[in-house]
Amino acid sequence: MAAWWSGASVAGLVVLGLVVGGYAVAIRNAPGALGTAVLGWMFLNGFVVHSRGDLAWEGFSDGVRLGALAGAALTGILCGWVAVRARERSTTSMSIPTARPAPRDKLVAPSNGHRPGAGSKRSPAHIRSMSGRR
């Protein structure tokens, strides 16, 4: 789009480089991203460099354009892989610890001599008066 506004093939190369790189970040697949770079070069060559849709190889300049788009694709793939690895690393380090019961041999007996689970020494009347009902 920027190529038609400015009339320069460099602007079209920049726009297609951003598109190819962004697509490569999203898919993280080398053959797909490099294929997209080749298709982008074909559109750039056919509609920006040659205005009538004719594909032609002009030598070094077309090699530079194709190399720039392939470089954008490979850079996008690398950035996508790094982002996925960073996301995986951050989610695994933020796991919530689960509660585990204490081992039986580490339990400490209460100091008042009362056995756990043996019942309360308070009378039922005392318990009823604490709840507010008499």
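Overview of the structure. (Residues numbered from 1 in each chain as written. Predicted model: local features only at pLDDT ≥ 70, side-chain atom pairs only at ≥ 80, totals over all residues. Heavy atoms only, no water.)

**Section: the overall build of the protein**
Looking only at helices and strands, the protein has five helices and zero strands in total. By the burial criterion, 19% of the 134 residues in the protein qualify as buried. About 10,200 Å² of surface is accessible on the protein, with carbon and sulfur atoms providing 64% of the total. (Helix = DSSP H or I, 4+ residues; strand = E, 2+ residues; numbered from the N terminus. Buried < 20%, exposed > 50% of the residue type's maximum accessible area, 1.4 Å probe, protein only. Areas by Shrake-Rupley, 256 points an atom, 1.4 Å probe, with all protein chains shown as cover.)

**Some thoughts on helix α3 (residues 30-49)**
Between its first and last C-alpha, α3 extends 26 Å over 20 residues, near the 28 Å set by a 1.5 Å rise per residue. Of the positions making up α3, those classed as buried are A33, A37, G40, W41, L44, N45 and G46. (Expected span 1.5 Å × (residues − 1).)

**Looking at unusual backbone geometry**
Note: most peptide bonds trans; most residues except glycine with negative phi. Backbone geometry places R28, a non-glycine residue, at a positive phi of 55 degrees. With respect to the helices and strands, R28 occurs in the loop between α2 (9-27) and α3. Residue classification places R28 among the partly exposed positions, given a relative accessible area of 35%.

**Quick word on the nonpolar core**
With ten residues, the main nonpolar core is built from L13, V20, A24, A33, A37, W41, L44, L69, A73 and I77. With four residues, α3 is the largest single contributor of residues to this core. Apart from residues lying up to four places away in sequence, L69 is in contact with L13, L16, G17, V20, A37, G40 and W41. (Core = buried A, V, L, I, M, F, W, Y, C linked by side-chain atoms within 4.5 Å. Contact = heavy atoms within 4.5 Å.)

**A short note on the side chain of H50**
Summarising the element assignment, H50 is placed in the loop between α3 and α4 (60-93). According to the relative accessible area criterion, H50 is buried, its value standing at 17%. A polar side-chain atom of H50 sits 3.3 Å from the main-chain carbonyl oxygen of D54. Not counting the four nearest positions on each side in its chain, H50 is found in contact with N45, A56 and E58. (Polar contact = N/O pair within 3.5 Å; in protein donor to acceptor, adjacent residues only side chain to side chain.)

**Brief notes about the side chain of R65**
Note on placement: R65 falls in helix α4. Exposure remark for R65: the relative accessible area of 12% places this residue in the buried category. The contacts of R65, once residues within four sequence positions are left out, are S9, L13, W41, L44 and V49.

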